[in-house]
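Working through the structure, step by step
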Amino acid sequence: MANPKKIIISFRTGRLSNRLILFANAIALAEECGWQVSNVAFHSYAEFFKTTRSDIYCRYPVAKKRSRFDMIPGLAGILRKTRVLNHVFRFAARQHRRIPFLKNSTILLREMPGDIGSNLERESFENQTGGARIIFIHTWKFRAPKLVERHAQKIRDYFSPIESLERASSEAVETLRRNSDIVVGVHIRHGDYRGWKGGKYFFTTERYAVWMRELASHFPGRKVAFLVCSDEPRTTEEFLGLAVGFGTKSPVSDLNALSQCDYILGAKSTFSQWASFYGGKPLLHLSSADDEVKLEKFHISYLGWG
């Protein structure tokens, strides 16, 4: 396609998994329509993925040629650290109507008061953007789960972690597989969840252990092991009677390790949502301390709002 539309993500949202999910949804749309994506707002995590670590613009499809910034030793690292390109793109997004070469070919999609999320499915999105050639996305509230599912493998290939992180995650899971039939990934998020939404999704370690035993009971005659990934140090004494192992020292390799498990269990979070999508593994999001763990509740995430 000559002169394809360009989606530029100018909104730097949350942490790792939030940015992955917005990026992936934009990639799904671009793949469907034959467009391009650039996401300099991903710079904080670009070094951990094979494709983005070598492209200062974090482009999809993968650029055939390296940019001049990437060819000058050390410069790309400085630009990522200072976030200067993100500031430039964010300014362009906000001021595009005042910039002569942008105002007639650009549209800004941003979160509006009361907005509960916009749909990036192709027909709906094309109606919103009209003839604009450059589309700035300045919010993370865009989803295209049908397109994410359709183009899942290409998205997964794009976000392949660098070798050292891939190796760490694989070792964490394979250690458990040697003596078990099923490995369940458990994401325990405590830190910010103590206060977020009044602690609605903060569950004690003891409660997670009960859920883990409950899940293991659904596999009679089979050995079940659990890979526990947490934002705080955990010990085996907290999970007496359960076969457990613990995550790696990197959020990226923890995500990848969870994605290699057979099932994923955890409080509602984009972290476990991404792991489910990336590995194509069924996930159960826990919303209340009273939730029951049943196998029919597990589903693969395609990065929608669920």
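1. A closer look at the overall build of the protein chain
The helix and strand inventory of the protein chain stands at 12 helices and 12 strands. A total of 306 residues make up the protein chain; the buried ones form 53% of that total. Accessible area of the protein chain: about 14800 Å², with a carbon and sulfur share of 53%.

2. Points about the environment of T52
In this structure, T52 sits in the loop between β2 (36-38) and β3 (59-60). Residue class for T52 comes out buried when judged on its relative accessible area of 0%. With 108 residues separating them along the chain, T52 and S160 place their C-alpha atoms 9.7 Å apart. Beyond its immediate chain neighbours, meaning those up to four positions away, T52 contacts F23, F42, A46, C58, R80 and Y158. Of note is the side chain of T52, whose polar atom sits 2.8 Å from the backbone oxygen of A46.

3. Overview of the nonpolar core
One broad rule of soluble globular proteins: the nonpolar side chains tend to lie buried together. Ranked by internal contacts, the top residues of the largest apolar core, which has 55 residues, are F23, F42, I155, F159, L227 and W274. Among the elements that take part in this core, helix α1 (residues 16-33) stands out by supplying 12 residues, more than any other. Grouped together as the second largest cluster of nonpolar side chains are 26 residues, W211, F219, V244 and V293 included.

4. Section: unusual backbone geometry
Glycine aside, residues mostly have negative phi, and peptide bonds are mostly found in the trans state. With an omega of -5°, the peptide bond running from Y60 to P61 counts as cis. On the secondary structure map, P61 appears in the loop between β3 and α2 (68-71). Residues other than glycine seldom take positive phi values, yet C58 does so here, at roughly 45°. Along the chain, the position of C58 falls in the loop between β2 and β3.

5. Some remarks on the packing of aromatic side chains
All chains considered together, the criterion is met by 23 aromatic pairs. Taking 5.4 Å as the distance between ring centres and 65° as the angle between the ring planes, the aromatic pair formed by F23 and F42 counts as edge-to-face. One end of the pair, F23, is in helix α1; the other, F42, is in the loop between β2 and β3, with 19 residues separating them in the sequence. The same class applies to F23 and to F42, which are both buried. An aromatic cluster is present here, built from F23, F42, Y45, F49, Y60, Y158, F159, W274, F277, Y278 and Y302 joined pairwise through their rings. The lysine or arginine in question, R143, covers the ring of W140, its NZ or CZ lying 4.2 Å from the ring centre. One cation-aromatic arrangement involves K197 over W196; the distance from NZ or CZ to the ring centre is 5.3 Å.

6. A short note on the packing of α1 against helix α12 (residues 270-279)
Interaxial distance between α1 and α12 falls to 8 Å at its minimum, and their mutual angle equals 50°. Here α1 lies oblique to α12, going by the angle between them. For the pair α1 and α12, the sense of crossing is left-handed. Contacts from S17, N18, L20, I21 and A24 in α1 reach T270, F271, Q273 and W274 in α12. Along the lines of polarity and charge, the residues of the contact of α1 with α12 split into 5 nonpolar, 4 polar and no charged.

7. Structural notes on the environment of L165
Relative to the helices and strands, L165 is located in helix α9 (residues 163-177). Here the alpha-carbon distance between L165 and S253, two residues 88 residues apart in the chain, equals 5.0 Å. If we skip the residues at most four places from it in the chain, L165 touches F48, S250, V252 and S253.

8. Some details on the side chain of S250
Summarising the element assignment, S250 is placed in the loop between β10 (243-246) and α11 (251-259). Residue S250 is classed as buried on the basis of its relative accessible area, which comes to 15%.

9. Brief notes about the environment of I155
With respect to the helices, strands and loops of the structure, I155 is situated in helix α8 (residues 152-158). Sequence spacing of I155 and F23 is 132 residues, and the spatial spacing of their C-alpha atoms is 9.4 Å. Excluding its chain neighbours within four sequence positions, the residues that come into contact with I155 are A24, I27, A28, V148, W274 and F277.

What counts, and where the lines are drawn
- Residues numbered from 1 in each chain as written.
- Predicted model: local features only at pLDDT ≥ 70, side-chain atom pairs only at ≥ 80, totals over all residues.
- Heavy atoms only, no water.
- Helix = DSSP H or I, 4+ residues; strand = E, 2+ residues; numbered from the N terminus.
- Buried < 20%, exposed > 50% of the residue type's maximum accessible area, 1.4 Å probe, protein only.
- Areas by Shrake-Rupley, 256 points an atom, 1.4 Å probe, with all protein chains shown as cover.
- Contact = heavy atoms within 4.5 Å.
- Polar contact = N/O pair within 3.5 Å; in protein donor to acceptor, adjacent residues only side chain to side chain.
- Core = buried A, V, L, I, M, F, W, Y, C linked by side-chain atoms within 4.5 Å.
- Phe/Tyr/Trp six-rings, centres within 6.5 Å; stacked < 30°, edge-to-face > 60°.
- Lys NZ or Arg CZ within 6 Å of the ring centre and 35° of its normal.
- Axes fitted to C-alpha atoms, helices over the stretch in contact; angles between N-to-C directions.
- Parallel < 35°, antiparallel > 145°, perpendicular 65-115°, else oblique.
- Left-handed = near helix turned anticlockwise from the far one by under 90°.
- Nonpolar A, V, L, I, M, F, W, Y, C, P; charged D, E, K, R; others polar.

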